Amino acid sequence: MTVGHVLIFRGSAALMVASDVAGDSAVLVEDFDCCRRQPHIELLADESLDHATIVAFGMTRRRGVAAAEDPGLQVLAGCFATVTTIVGKTWAAHLEKIVKVSREENLEMIRDTVTFLRGADKRVIYDAEHFFDGYRDDPGYALQCLRAALDAGAERVVLCDTNGSTLPPQIADAVRGVKEQLPDAALGIHCHNDRECG
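Scoring rules and cut-offs
Residues numbered from 1 in each chain as written. Predicted model: local features only at pLDDT ≥ 70, side-chain atom pairs only at ≥ 80, totals over all residues. Heavy atoms only, no water. Buried < 20%, exposed > 50% of the residue type's maximum accessible area, 1.4 Å probe, protein only. Helix = DSSP H or I, 4+ residues; strand = E, 2+ residues; numbered from the N terminus. Pairing = 2+ DSSP bridges. Salt bridge = Lys/Arg side-chain N within 4 Å of Asp/Glu carboxyl O. Contact = heavy atoms within 4.5 Å. Polar contact = N/O pair within 3.5 Å; in protein donor to acceptor, adjacent residues only side chain to side chain. Right-handed = clockwise from strand over helix to strand, strands pointing away.

Moving on: the pairing of strand β6 (residues 123-129). Within a regular strand, side chains alternate between the sheet's two faces. Counting buried residues along β6, six of its seven residues qualify, which places the element largely inside the surrounding structure. Bridge count between strand β5 (residues 83-89) and β6: seven bridges; the pairing is parallel. Note on β6: the bridge partner recorded for Thr84 is Val124. The pairing of β6 with strand β7 (residues 156-160) spans four bridges and is parallel. For Ile125, the partnering residue across the bridge sits in β7 and is Arg156.

Okay, here's the thing in structure tokens:
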């Protein structure tokens, strides 16, 4: 699928629209504050979009903070956007070195976040950050992360090659493995071309 990016300017605000060749689009709202600032709310909430959905973008709750108490999730839950994309850690190396949480706590962060947003009547897409790195390192745990999101109510999980280091045959093998283990899951993919593979 070919994806193009279009910037829409209204006043001083810019929105990025990613459109695939089939004509489906998503407007990505990546700035938490945009949902708080009145001009942006009016700009986006009143925008008439025939073939796109506005999607708010955030991350799982922080460690040691309940989802309902996490400021970023509060903004997403209160935002006019009916769809949220949540980025979550899927590679154990990041849990140990960056987030500093156990594998089980990470799974709870994913479940709690999706459950909280579903409780706020949001559609949720789980963006599995560094999925392919995590899958190469520990496929069982990477799949547990996807299951945690799906079981909590995510409507789709997106497999991310966040640093662009996965070769096409590795991607094919991993996607095939995910489809075998999660045959009913709606999947998406987010790749980078850092190795100039095409």
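Side chains that differ in charge, positive against negative, can pair when their charged atoms come close. Summed over the entire model, instances satisfying the criterion amount to 10 salt bridges. Residues Lys89 and Glu129 are paired through a salt bridge, measuring 2.8 Å at the closest nitrogen-oxygen approach. Remark: Glu129 occurs in strand β6 and Lys89 occurs in strand β5; sequence separation between them is 40 residues. Just as Lys89 is buried, Glu129 falls in that class too. Two residues, Arg103 and Asp138, come together in a salt bridge whose shortest N-O distance is 2.6 Å. One end of the pair, Arg103, is in helix α4 (residues 103-119); the other, Asp138, is in the loop between α5 (131-137) and α6 (139-152), and 35 residues separate them in sequence. The exposure class assigned to Asp138 is partly exposed, which follows from its relative accessible area of 23%. A cluster of three or more residues bridged by salt bridges with shared partners is formed by Arg61, Glu105 and Asp112.

Relative to the helices and strands, Glu105 is located in helix α4. Along the sequence, Glu105 and Arg63 sit 42 residues apart, while their C-alpha atoms lie 7.7 Å from each other. Leaving out residues up to four positions away in the same chain, Glu105 has contacts with Arg61, Arg63 and Gly64. Reaching out from Glu105, the side chain makes a polar contact with the side chain of Arg61 at a distance of 3.2 Å.

This part is about the pairing of β7. Of all five residues making up β7, four are buried, and the element is well covered by its neighbours. One ladder, built from four bridges, connects β7 with strand β8 (residues 187-190); its direction is parallel. Residue pairing in the sheet places Cys160 in a bridge with His190 of β8. Read as a crossover between parallel neighbours, the route from β7 over helix α7 (residues 168-181) to β8 is right-handed.

Turning our eyes to something else, we now look at the environment of Ile125. Looking at where Ile125 falls in the secondary structure, it is placed in strand β6. Given a relative accessible area of 16%, Ile125 falls into the buried group. Along the chain, Ile125 and Ala149 lie 24 residues apart, while their C-alpha atoms are 8.6 Å from each other. Not counting residues within four places of it along the chain, the set of residues in contact with Ile125 comprises Val83, Thr84, Thr85, Ile86, Arg156 and Val158.

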